[in-house]
Amino acid sequence: MVYRWRKLVTFLVKIRFIFIFGILLVVYNEYLHYYIVLWQCNWPSLAYSKRDSVRVVALADTHLLGSREGHWFDKLRREWQMEQAFQVSVWLNQPHAVFVLGDLFDEGKWCDDIEFQFHVERFRKKFRIPENTLLFAVAGNHDIGFHYAIDENKLRRFERAFNTSSVQLLQIKGNIFVLLTSMAFEGDGCQMCREAESSLWRIIRDLDCARGVLKNCSSTIAAYSRPVLLQV
C-alpha cells in the first residue's frame, strides 16, 4: 500500500513538473522571446544630434488572411506572431513613423466593402501604434488588385481607410520621404496613372524649388533635404 502511494506521489510530481515546464515554455516562446531578440536591435549611432534624427520602421507584406484562402490555424498563428513582433518592436524602439509598404491584406482585391472594412479594423488592432507615432500606408496589388484589375472603388476605399494616395510627399522632423505605388506608373494613361504622374511632377517641382534649382517660385517644403524614396 505504501509502495503504491509513493508511486502515485512520484507520478503526480512528474506531472506537475511537466505542466509547469510547459507553461514556462509557452510564456517564453509566445512572449519573452520577442523581447529578448528585439532588445538586441539598436538604432545606429549618428554623428549629429539625436534631436535632428528620425526613427522609422518599414513594414511590408503583412498579408492579413481573408475568408477565401488560408487555414484558420495558420491565420491565428501567423497573425499572432506578427502582432507580438510589431508591438514589442514599437515599444522598445519608439519610432517616430511606421511605413507599411504594400499588401497589408491578402484578399483585399477580392473583398466587398463590408469585408474590406472588417480587415481594416483588424489591421488597426494588430498594428496599433502610440499616439506620438505616425503611420503611413501604400497600396499593394493584393490590396487593390493588379493594374489591369484596379477599379475606382477598390482604389478610393483604400485611400480613405488609410488617408493615403498613390504618390505622397512627407516631411518628418526635417526629413523628406516620397512614397510611390508602382501600379500607378504603367504609363497607359489610366486615371490612376494620370493622377500619380501629375502629383509626381508637382513634387519634383517642389523639390527643385526648395533646393534652389528653380527661381522665383514658392515651395511647400520648409527645408530641403535629399528625399528618401519608398516604392511598392
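Residue numbers restart at each chain and count upward from 1, following the sequence in its written direction. Reporting in this predicted model follows two pLDDT cut-offs: at least 70 for local features of residues, and 80 or more for side-chain atom pairs to be given and counted; totals over whole chains, interfaces and linings ignore these cut-offs and use all residues. Water and hydrogen atoms were dropped before computing side-chain values, which therefore reflect all heavy atoms in the structure.

Draft legend 1. Highlighting the overall build of the chain. Put simply, DSSP marks the helices as runs of H or I at least four residues long and the strands as runs of E at least two long, and each gets a number from the N terminus on. Check the secondary structure of the chain and you find 6 helices and 6 strands. From first element to last, N terminus to C terminus, the chain shows the α and β order α-β-α-β-α-β-α-α-β-β-α-β. Put simply, the radius of gyration uses C-alpha atoms, and a globule should come to 2.2 Å times the residue count raised to 0.38. Over its C-alpha trace the chain gives a radius of gyration of 24 Å, far above what one expects of a compact globule, namely 17 Å for 232 residues. Across its three principal axes, the chain shows a C-alpha extent of roughly 100 × 50 × 25 Å. Within the chain, residue pairs in contact and separated by at least 24 positions form 74% of the contacts whose partners lie at least 6 positions apart. Accessible surface is estimated by sampling points in the Shrake-Rupley manner with a 1.4 Å probe; for residues, cover comes only from the protein chains shown. Accessible surface for the chain amounts to roughly 14900 Å². Of this, 60% is attributable to carbon and sulfur atoms. Two residues qualify as a contact provided that any one of their heavy atoms is within 4.5 Å of a heavy atom in the partner residue.

Draft legend 2. How the structure looks around the state of the cysteines. Our working definition of a disulfide is a cysteine sulfur pair at a distance within 2.5 Å. For the structure shown, the criterion picks out 1 disulfide. Covalent S-S linkage joins Cys209 and Cys217, the inter-sulfur distance amounting to 2.1 Å. Looking down the S-S bond of the Cys209 and Cys217 bridge, the torsion is 115°, so its handedness is right-handed. Residue exposure (1.4 Å probe, protein chains only): buried if accessible area is under 20% of the type maximum, exposed if over 50%, otherwise partly exposed. Assessed through its relative accessible area of 24%, Cys217 is described here as partly exposed.

Draft legend 3. Representation of the packing of aromatic side chains in the model. Aromatic contacts are taken between Phe, Tyr and Trp rings whose centres are within 6.5 Å, Trp giving its six-membered ring; a plane angle under 30 degrees counts as stacked, one over 60 as edge-to-face, and the others as tilted. Using the criterion set out here, one finds 12 aromatic pairs in the structure. Between the aromatic rings of Tyr31 and Trp80, the centroid separation amounts to 5.7 Å while the plane-to-plane angle is 80°, which identifies the pairing as edge-to-face. Of the two residues, Tyr31 sits in helix H1 (residues 2–38) while Trp80 sits in helix H2 (residues 72–93), which places them 49 residues apart along the sequence. On the basis of relative accessibility, which here comes to 40%, the residue Tyr31 falls in the partly exposed class. Using a relative accessible area of 25% as the deciding quantity, one classes Trp80 as partly exposed. Chaining the aromatic ring pairs together yields one cluster made of Phe86, Phe105, Phe116, Phe123, Phe127, Phe158 and Phe162. We count a charge as sitting over a ring when the NZ of a lysine or the CZ of an arginine lies within 6 Å of the ring centre and within 35 degrees of the ring normal. Positioned above the aromatic ring of Trp110, the side-chain terminus of Lys109 is 4.0 Å from the ring centre.

Draft legend 4. Local environment of the sheet that holds strand S5 (residues 175–180). In space, the 3 strands of this open sheet follow the order S4-S5-S6, with mixed pairing throughout. Looking at strand neighbours, the two that pair on one side only are strand S4 (167–172) and strand S6 (228–231), the edges of this open sheet. Each neighbouring strand pair of the sheet contributes to a mean axis angle of 20°, computed without reference to strand direction. Only when DSSP finds a minimum of two bridges between them are two strands counted as paired. Note: S4 against S5, 6 bridges, orientation antiparallel. Bridge pairing in S5 links Val167 to Leu180. Fitted lines through C-alpha atoms serve as axes, helices being fitted only where they are in contact, and the angles separating the N-to-C directions of these axes extend from 0 to 180 degrees.

Draft legend 5. Inspection of the sheet that holds strand S2 (residues 97–101) at higher detail. Reading across the sheet, the 3 strands line up as S1-S2-S3 and stay open at both edges, with parallel pairing between neighbours. Looking at strand neighbours, the two that pair on one side only are strand S1 (56–59) and strand S3 (134–138), the edges of this open sheet. Along the sheet, successive strands turn relative to each other by an average axial angle of 15°, direction set aside. Inspection of the sheet shows S2 paired to S3 by 5 bridges, in the parallel sense. Each bridged residue has a counterpart across the sheet, and for Leu101 the counterpart in S3 is Val138.

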